[in-house]
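# Notes for the structure review
This is what each chain is made of:
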Amino acid sequence: MEVILSGMRPTGNLHLGNYFGALKNYVSLQELYDCYFFIADYHLLTTHPNPEDLLANVKTILCQYLACGLNPEKATIYVQSSVPEVAELYMYLNMLTYVGELQRVAAFKEKVRQNPNNVNAGLLTYPTLMAADILLHRATKVPVGKDQQQHLEMTRDFAERFNKMYKVDYFPLPQAFNFGNDLIKIPSLDGNGKMSKSYGENATIYLNDEPSVLKKKIMRAKTDSGPTEKNQAKPIEIENLFALMRSVSKPEIIEQFEDAYNDCSIRYGDMKKQLAEDMENFVSPIRERIKELSSNEEYLNKVIRMGGEKAQANASKTIKEVREIIGFKKL
Ligand code: ADP
Ligand code: TRP
């Protein structure tokens, strides 16, 4: 049986890109495989979050995971810090990791460039902690975006190194989960790149945006003065509006606006109004569930406890076996 695992750092609210690029896939995977989905609060410590905010951030993401359809009865949904066994595996893996290979990681180099005054050892060893997350559950498939591919390759290297060092075939070498088609990319509303929480409030649609906010963001999205020739190629900001429409609107609606674009009769105001309406219909049930869940503290605590216990049962088995392989025999 394939074991699927993925995690996300609790850095704020989920947006439409997170939904279509990650959560929607998690929801379908939980029906088919043994899935672990966790909230990476240890990873967050590289940026020294305020103690008062830490649990609140975790609960925000948890509510949004559940509101998107992750089911704690089907998948193991847990908080990383509920399973401190991961820190032990992280230490063992660090003993097999070269400082040089960590210094060469693209994401690390980028962080150093952005924040030269906060280059802590935790940031350097981020890939080893991520490998520990994956190997702790002996996961075989990891659904991640392109930006995490290098970390995943390193996880394979560490797993292979461990197996070779101790002459065992213990850790499977995890692969990226392949959805059979190209990964979906939800564009930003301002015509630049992908939707992301780092690219400004107005360019990103959050799953908990209020109806008026959502509408305003879409109505303000960048457009141009319209096509002047039939079947003209679309400039990027117009293509982005169509891409957003393709994610939430009915096929006949999309076709109607495609036709209008191609015969130059399109009115972007109408298109945005339609997109805002379809987006609202898509987001509103999720937004309502987020509201309901966030007022149900007792249920959230129960989900955290239950997931923690399930994840820990599996983790402690791995750690026991790893200790034996390394040579720590129980006396
Ligand atoms: P952000 O760019 O907002 O910081 P993250 O890097 O935390 O988002 O992404 C978490 C998950 O959501 C990853 O699996 C990533 O591939 C997916 N994701 C984020 N933004 C998008 C997007 N615009 N389109 C598709 N998937 C996305
Ligand atoms: N590094 C991932 C990100 O920033 C989050 C993460 C931590 C993760 N541990 C993981 C993802 C293990 C997949 C598997 O998005």
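Just so we're clear, the structure is a prediction, and the values are computed from it rather than from any experiment.

It is worth spelling out unusual backbone geometry at this point. Phi is positive for Lys167, which is not a glycine, with a value near 50°. Tracing the chain through its elements places Lys167 in the loop between helix 9 (149–165) and strand 5 (175–176). Judged by its relative accessible area of 75%, Lys167 is exposed. We note that Cys264 has phi near 65°; this positive angle belongs to a residue other than glycine. Its location among the elements puts Cys264 in the loop between helix 12 (251–262) and helix 13 (268–294).

Let us now look at a positive patch on the surface. Where like charges cluster on the molecular surface, the positive patch consists of Arg9, Lys111, Lys185, Lys194 and Lys197. Within the element layout of this structure, Lys197 appears in the loop between strand 5 and helix 10 (211–219).

Here the focus is the site of ligand 2. As a structural note, the neighbourhood of ligand 2 is formed by 13 residues, with Phe38, Tyr126, Met130, Asp133 and Gln148 the closest of them. Between ligand 2 and His43, the relevant distance is 3.5 Å, taken from a nitrogen atom to a side-chain nitrogen or oxygen of the residue. Between ligand 2 and the protein, one listed contact pairs a nitrogen atom with a side-chain N or O atom of Gln148 at 3.0 Å. Contact with the protein chains covers 91% of the free accessible surface of ligand 2, which is 360 Å². When residues of the shell around ligand 2 are traced back to their parent elements, those giving at least two are strand 1 (3–8) and helix 8 (126–136). Of all the elements, helix 8 adds the most residues to the shell around ligand 2, at 4 residues. Among the residues forming the shell around ligand 2, the class breakdown is 7 nonpolar, 4 polar and 2 charged.

Conventions we followed
Residues numbered from 1 in each chain as written. Chains lettered and ligands numbered in written order. Predicted model: local features only at pLDDT ≥ 70, side-chain atom pairs only at ≥ 80, totals over all residues. Heavy atoms only, no water. Helix = DSSP H or I, 4+ residues; strand = E, 2+ residues; numbered from the N terminus. Buried < 20%, exposed > 50% of the residue type's maximum accessible area, 1.4 Å probe, protein only. Patch = residues over 30% accessible without salt bridge, like charges linked within 9 Å, V, L, I, M, F, W, Y side chains within 5 Å. Areas by Shrake-Rupley, 256 points an atom, 1.4 Å probe, with all protein chains shown as cover. Salt bridge = Lys/Arg side-chain N within 4 Å of Asp/Glu carboxyl O. Lys, Arg positive; Asp, Glu negative; His and termini not counted. Charge placed at Lys NZ, Arg CZ, Asp CG, Glu CD. Near = heavy atom within 4 Å. Polar contact = N/O pair within 3.5 Å; in protein donor to acceptor, adjacent residues only side chain to side chain. Nonpolar A, V, L, I, M, F, W, Y, C, P; charged D, E, K, R; others polar.

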